[in-house]
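Per-entry structural report
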Amino acid sequence: ELKQNVIVENIGGASGVIGTTAVARATGDGYTFGLVFDTHGVNPSLKDSLPYDTLKDLVTINMIGTSPMVLASSKKSGVTNMKQLMDDSKAKKPFTYGSIGIGSLGHLAIADFAKKTGVDWVHAPYRGGGPMVQDGLAGQVPLVVGSMFLIKPHADSGGLIPLAVTTAKRSPDMPKVPTLSESGYPGFEAPAWWAVIAPSKTPPAIVNAMYRAVDKALKTPAVAEKLKNQGIQVQSLNPEAANAFVAKQIGIWGKFVIQNNIKE
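Let us look at the structure shown here.

Remarks on the sheet that holds strand E3 (residues 69–74)
Strands sit in the order E5-E4-E6-E3-E7 across an open sheet of five strands; the sheet is mixed. Where the open sheet ends on each side, the last strands, each with one partner, are strand E5 (121–125) and strand E7 (160–165). Here the strands of the sheet are splayed against their neighbours by 30° on average, with no regard to which way each runs. Relative to E5, strand E4 (residues 95–99) runs parallel, the two sharing five bridges. Paired with Ser-99 across the bridge in E5 is Pro-125. In this fold helix H6 (residues 129–138) packs onto E3, E4, strand E6 (143–147) and E7, with an angle of close to 140° to the strand it touches most, E6.

Regarding the sheet that holds strand E9 (residues 233–237)
On the basis of which strands lie adjacent, the open sheet formed by four strands has the order E1-E8-E2-E9 and antiparallel pairing. One side of each edge strand has no neighbouring strand; the edge strands of this open sheet are strand E1 (34–37) and E9. Averaged over all pairs of adjacent strands, the angle between strand axes in this sheet comes to 25°, irrespective of strand direction. As defined by bridge partners, strand E2 (residues 58–67) adjoins E9 across three bridges and the pair is classed as antiparallel. Across the sheet, the residue bridging to Thr-66 is Gln-233, located in E9.

Points about the packing of H6 against helix H7 (residues 148–157)
Each packed pair of helices is defined by two parameters, the angle between the axes and the distance between the axes. Remark: H6 packs on H7, axes separated minimally by 11 Å, with the N-to-C direction vectors making an angle of 25°. As judged from the angle between their axes, H6 and H7 are roughly parallel. H6 and H7 meet at a crossing whose hand is right-handed. Residues Gly-129, Met-132, Val-133 and Leu-137 of H6 lie in contact with H7, whose contacting residues are Leu-150, Ile-151 and His-154. When the residues that make up the contact of H6 with H7 are grouped by side-chain class, the tally is five nonpolar, two polar and no charged.

With respect to the pattern of salt bridges
Any two side chains of opposite charge can pair if their charged atoms end up close together. According to the stated counting rule, one finds six salt bridges in the structure shown. A salt bridge links Asp-215 to Lys-219; its shortest N-O distance comes to 3.1 Å. The exposure class of Asp-215 is buried, given its relative accessible area of 13%. Using a relative accessible area of 59% as the deciding quantity, one classes Lys-219 as exposed.

A look at the packing of aromatic side chains
The geometry of two aromatic rings is summed up by the distance between their centres and the angle between their planes. Tallied over the full model, the rule gives six aromatic pairs. Both rings, one in Trp-253 and one in Phe-256, keep their centres 6.2 Å apart while their planes meet at 85°; by these two values the pair is edge-to-face. One end of the pair, Trp-253, and the other, Phe-256, are both in helix H10 (residues 239–259), three residues apart, so they sit about a helical turn from each other. As far as burial versus exposure is concerned, Trp-253 and Phe-256 are alike and both buried.

Parameters at a glance
- Residues numbered from 1 in each chain as written.
- Predicted model: local features only at pLDDT ≥ 70, side-chain atom pairs only at ≥ 80, totals over all residues.
- Heavy atoms only, no water.
- Pairing = 2+ DSSP bridges.
- Helix = DSSP H or I, 4+ residues; strand = E, 2+ residues; numbered from the N terminus.
- Axes fitted to C-alpha atoms, helices over the stretch in contact; angles between N-to-C directions.
- Contact = heavy atoms within 4.5 Å.
- Parallel < 35°, antiparallel > 145°, perpendicular 65-115°, else oblique.
- Left-handed = near helix turned anticlockwise from the far one by under 90°.
- Nonpolar A, V, L, I, M, F, W, Y, C, P; charged D, E, K, R; others polar.
- Salt bridge = Lys/Arg side-chain N within 4 Å of Asp/Glu carboxyl O.
- Buried < 20%, exposed > 50% of the residue type's maximum accessible area, 1.4 Å probe, protein only.
- Phe/Tyr/Trp six-rings, centres within 6.5 Å; stacked < 30°, edge-to-face > 60°.

Laid out in structure tokens, this is it:
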């Protein structure tokens, strides 16, 4: 769409902060963009000193889409459904849940759910989804929370039992799995999400042109099918709506991080 060569540079580290810093400091000439995910909305409150202001130094061009996080139990835990888990938890049976790290959306979503429903679950942060899932399959941790893409293959094979999803509505990929909202916390919603960003000094004409190019790409059948297979529901929000979405996420999770004194 852009009639340009595109170089993809994976810059990992610090929950996306290192890569996002590179985008924030780039010249706003339309040649540098970034792809972020939901930690982008948590980092302003979780990190002591970000080298950029998320809302002032960056512009969100397109909020690509959302996906449910899935709370699942290890087959070896004996937990087979959400009602059983909640009943056991309220009877003071101890449970630990694994996530991909402190401040990850899965961590915060389940911590929020546990607090609002009055259950006491212990968080076990992992360095990524692979080690977490392996411990879940082995029964080393009774509960895990991760993206649909991460959890579903192991749910399909029977190693993990999906208990609930974090989105407001059930996922068409797991229609029999209830939402956390149905499971004791009405109105609960914590979707995973992905967005394209650019330096805030990027001219509006370039921002809008990039939005249209990404939007068209997302509607390409091959791309749409690939994202669907990963459990992603394409939204393709325009810059105005995308920036409002990110600001709302920062407000929701920032408040929770601060109130609960969550630190890395």
